[in-house]
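Read off the chains here:
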Amino acid sequence: MSHKSTQRDHARALLQDGSLVRLRDLTGAGVSPETMARLVREGEVVRPARGLYQLAEAMLDARRSIAEASALVPKGVICLTSALQFHDLTLQMPSAIWMAIDRTGWKPKVDYPPIRFVRFSGRALTEGIKRHRIEGVDVPVFEPAKAIVDCFRYRNKIGLDIALEGLREGLRTRQVAPDQLWKFAQSGRVWSVMRPYVEAMVADGA
């Protein structure tokens with residue numbers, strides 16, 4: 001009894017700050033899968049995705065969902081509207097997390113959180129990535145300028161209005177500079193599309 005109680009207390013301690021903790025990390029710390037299953041049944045702990053646990057009282061938000069997605073798809077990169085949202089460059093709340101994966105790679109099957117995969121290749125997938133530590137998870141996110149350029153590349157999929165909102169906010173908050181946009185847009189072959197919008201917003205002071 002005391003052994004089970006010690007495991008429960010240890011699990012609570014590992015989960016106490018609301019972090020997402022992997023089952024393998026819990027078992028490595030001496031907490032059995034049976035203990036975690038019992039905590040889930042009792043409603044004290046939730047399992048938002050297979051192999052991931054957190055306290056039921058922890059508030060779910062967009063960043064936590066992003067962390068969950070990255071924990072499940074470690075080779076993916078948060079992109080498009082989800083990257084804009086991460087950088088506070090849009091008011092849009094995407095119904096699913098946008099994640100870039102390799103064009104020739106295997107497409108993971110994930111039930112939760114909802115993820116929309118887009119396939120990038122070469123420099124489009126490897127350039128402009130910044131890594132953030134969220135809920136104990138290493139989360140790769142495209143930096144603001146790269147995210148905005150990608151939104152223009154995929155404007156037919158997400159909408160030109162979202163790309164323009166990201167551009168406007170990026171320039172207004174000085175998270176991006178025209179030369180950064182030019183660099184990524186040249187690589188992504190969308191500078192001819194973006195140039196008039198960038199020039200107009202810079203002239204207007206965004």
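The sections below set out a description of the structure shown in this document.

Calculation criteria
- Throughout, a residue's number is its position along its own chain's written sequence, starting from 1.
- Thresholds applied to this predicted model are a pLDDT of at least 70 for local features of residues and 80 or more for the giving and counting of side-chain atom pairs; totals over whole chains, interfaces and linings are not thresholded and use all residues.
- Only hydrogens and water are set aside; all other atoms, that is, all heavy atoms of the structure, feed into the side-chain values.
- Only DSSP runs of H or I with at least four residues qualify as helices, and only runs of E with at least two residues qualify as strands; both kinds are numbered from the N terminus onward.
- Take the number of residues in a helix, subtract one, and multiply by 1.5 Å to get its expected span.
- Only protein chains enter the area calculation, which uses a 1.4 Å probe; residues under 20% of their type maximum are buried, those over 50% are exposed, and those in between are partly exposed.
- Picture the helix axis, draw a direction to every C-beta atom, and the arc is the one those directions span.
- A contact between two residues is defined here by any heavy atoms of the two lying within 4.5 Å.
- One speaks of a salt bridge when a side-chain nitrogen belonging to Lys or Arg is within 4 Å of a carboxyl oxygen belonging to Asp or Glu.
- By convention in this document, the label disulfide applies to cysteine sulfur atom pairs within 2.5 Å.

1. As for helix α11 (residues 191-203)
- Compared with the 18 Å implied by 1.5 Å per residue over 13 residues, the 17 Å span of α11 between its first and last C-alpha is a close match.
- Those residues of α11 lying buried are W191, M194, V198 and M201. The buried residues of α11 occupy an angular sector of 100° when the element is viewed end-on, so they sit on one face. The outward face of α11, more than 90 degrees from its buried face, is lined by the exposed residues S192 and A203.
- Looking at the buried residues of α11, the elements they touch are α7 (144-153), α9 (160-172) and α10 (178-188).
- Where α11 ends, the next residue or the one after it, G205, has phi of about 75°, a positive value.

2. Looking at the pattern of salt bridges
- Under the definition given, this model contains eleven salt bridges.
- The salt bridge involving E42 is made with R8; its shortest N-O contact spans 2.6 Å. Placement of the pair is E42 in the loop between α3 (33-41) and β2 (45-49) and R8 in helix α1 (residues 2-15), with a sequence separation of 34 residues.
- Close ionic contact of R12 with D9 constitutes a salt bridge, the shortest N to O distance being 2.7 Å.

3. Re the state of the cysteines
- Summed over the entire model, instances satisfying the criterion amount to zero disulfides.
- Here C79 stays unpaired: no disulfide links it, and the sulfur of C151, its closest cysteine neighbor, is 8.1 Å away.

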